[in-house]
Amino acid sequence: MAETRIIHGFHAVTARIRQHSDSVLELYVDTQRRDPRARDLLKLAEANGVRVVPVDGKRLDGMAGNARHQGVVARVDASRRVVHLDDVLDTLNEPPLLLVLDGVQDPHNLGACLRCADAFGAHAVIAPKDRAVGLNATVEKVACGAAETVPYITVTNLARTLRELKERDIWVVGADSEAENSLHNFYHDNALAVVMGAEGEGLRRLTKETCDQLVAIPMRGSVASLNVSVSAGILLYEARSQRVEVPVYGAHGLGD
């Protein structure tokens, strides 16, 4: 029997159906939702052959662990998400841009990091299997569909993985508030892995020692640090902007 898990919320469920409809085993929709957004989702499910089960709100509350599910919950095949780093790197037609998370444990932060990775064209997000939150329903909801578009790769030994990236000529740069080098002075337009530390703790010692370079984000105000997802967005934007390409502006760039 397939390993399954629950995802919830319109963004996460819609993205899963659009990207991997064959992995959606059942879609549960609150019988009280008859608005256009719910009708559009039902049409999408029908077009992709997804089984729809009308249920009451209390059952959805139980399935989603009382999270804010918006009246939409899906049971999905969890085994379909396995992705290997080599599968990503060996199929790229441009220098890799990777986001590495050294032990992010808050699902809202992970979801926001995935969203940043999608927005700035990162090819994958890499994280350790241990001491990290991993994908769950909250992550997928916060990611607003990015959990379906950006490969999320877990590794057993992060330091070893960083060394393997370096062997592939991928420059590994870590974000460290105490680094001597400022992001203002950072330039690298080739293969790059951006490494972010955990909430409050930053990069672990071995991770920091494995990086090719450490950079600090210049701070002008009174706060000492930024949220990990905000910092990730800044570094990924800087990395992407240094590559020679025509900028694309979309109406979805701000807000949800």
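Our subject is the structure that appears above.
Not measured: the values here are computed from a predicted model. (Residues numbered from 1 in each chain as written. Predicted model: local features only at pLDDT ≥ 70, side-chain atom pairs only at ≥ 80, totals over all residues. Heavy atoms only, no water.)

Remarks on the overall build of the protein chain
Link 1 in the chain: The helix and strand tally for the protein chain stands at ten helices and eleven strands.
Link 2 in the chain: In terms of overall size, the protein chain behaves like a compact globule, its C-alpha atoms giving a radius of gyration of 19 Å where 256 residues would be expected to give roughly 18 Å.
Link 3 in the chain: When burial is assessed residue by residue, the protein chain has 47% of its 256 residues classed as buried.
Link 4 in the chain: The protein chain carries 29 positive and 34 negative side-chain charges, and their two centres are separated by 6 Å. (Helix = DSSP H or I, 4+ residues; strand = E, 2+ residues; numbered from the N terminus. Rg over C-alpha atoms; globule rule 2.2 N^0.38 Å. Buried < 20%, exposed > 50% of the residue type's maximum accessible area, 1.4 Å probe, protein only. Lys, Arg positive; Asp, Glu negative; His and termini not counted. Charge placed at Lys NZ, Arg CZ, Asp CG, Glu CD.)

What to know about the packing of helix α1 (residues 10-20) against helix α2 (residues 36-47)
Link 1 in the chain: Between α1 and α2, the shortest axis-to-axis distance is 10 Å and the interhelical angle comes to 20°. Judged on the interaxial angle alone, α2 and α1 are roughly parallel. Of the two elements, α1 crosses α2, and the hand of that crossing is left-handed. Between α1 and α2, the residues in contact are Phe-10, His-11, Val-13, Thr-14, Ile-17 and Arg-18 and Arg-37, Ala-38, Leu-41, Leu-44 and Ala-45, respectively.
Link 2 in the chain: Each residue belonging to the contact of α1 with α2 can be placed in one class, and the counts come to seven nonpolar, two polar and two charged. (Axes fitted to C-alpha atoms, helices over the stretch in contact; angles between N-to-C directions. Parallel < 35°, antiparallel > 145°, perpendicular 65-115°, else oblique. Left-handed = near helix turned anticlockwise from the far one by under 90°. Contact = heavy atoms within 4.5 Å. Nonpolar A, V, L, I, M, F, W, Y, C, P; charged D, E, K, R; others polar.)

Observations concerning the pairing of strand β11 (residues 213-216)
Link 1 in the chain: Two strands pair when backbone bridges link them, and strand β8 (residues 171-175) and β11 are joined in this way by three bridges, in the parallel orientation. Looking at β11, one finds that Gly-174 is bridged to Leu-214.
Link 2 in the chain: As paired strands, strand β9 (residues 181-182) and β11 are joined by two bridges and run parallel to one another. Across the sheet, the residue bridging to Asn-181 is Val-215, located in β11. (Pairing = 2+ DSSP bridges.)

Quick word on the state of the cysteines
Link 1 in the chain: Under the counting rule described, the total for this entry stands at zero disulfides.
Link 2 in the chain: Free cysteine: Cys-211, not disulfide-bonded; nearest cysteine sulfur from Cys-113 at 15 Å. (Disulfide = S-S within 2.5 Å.)

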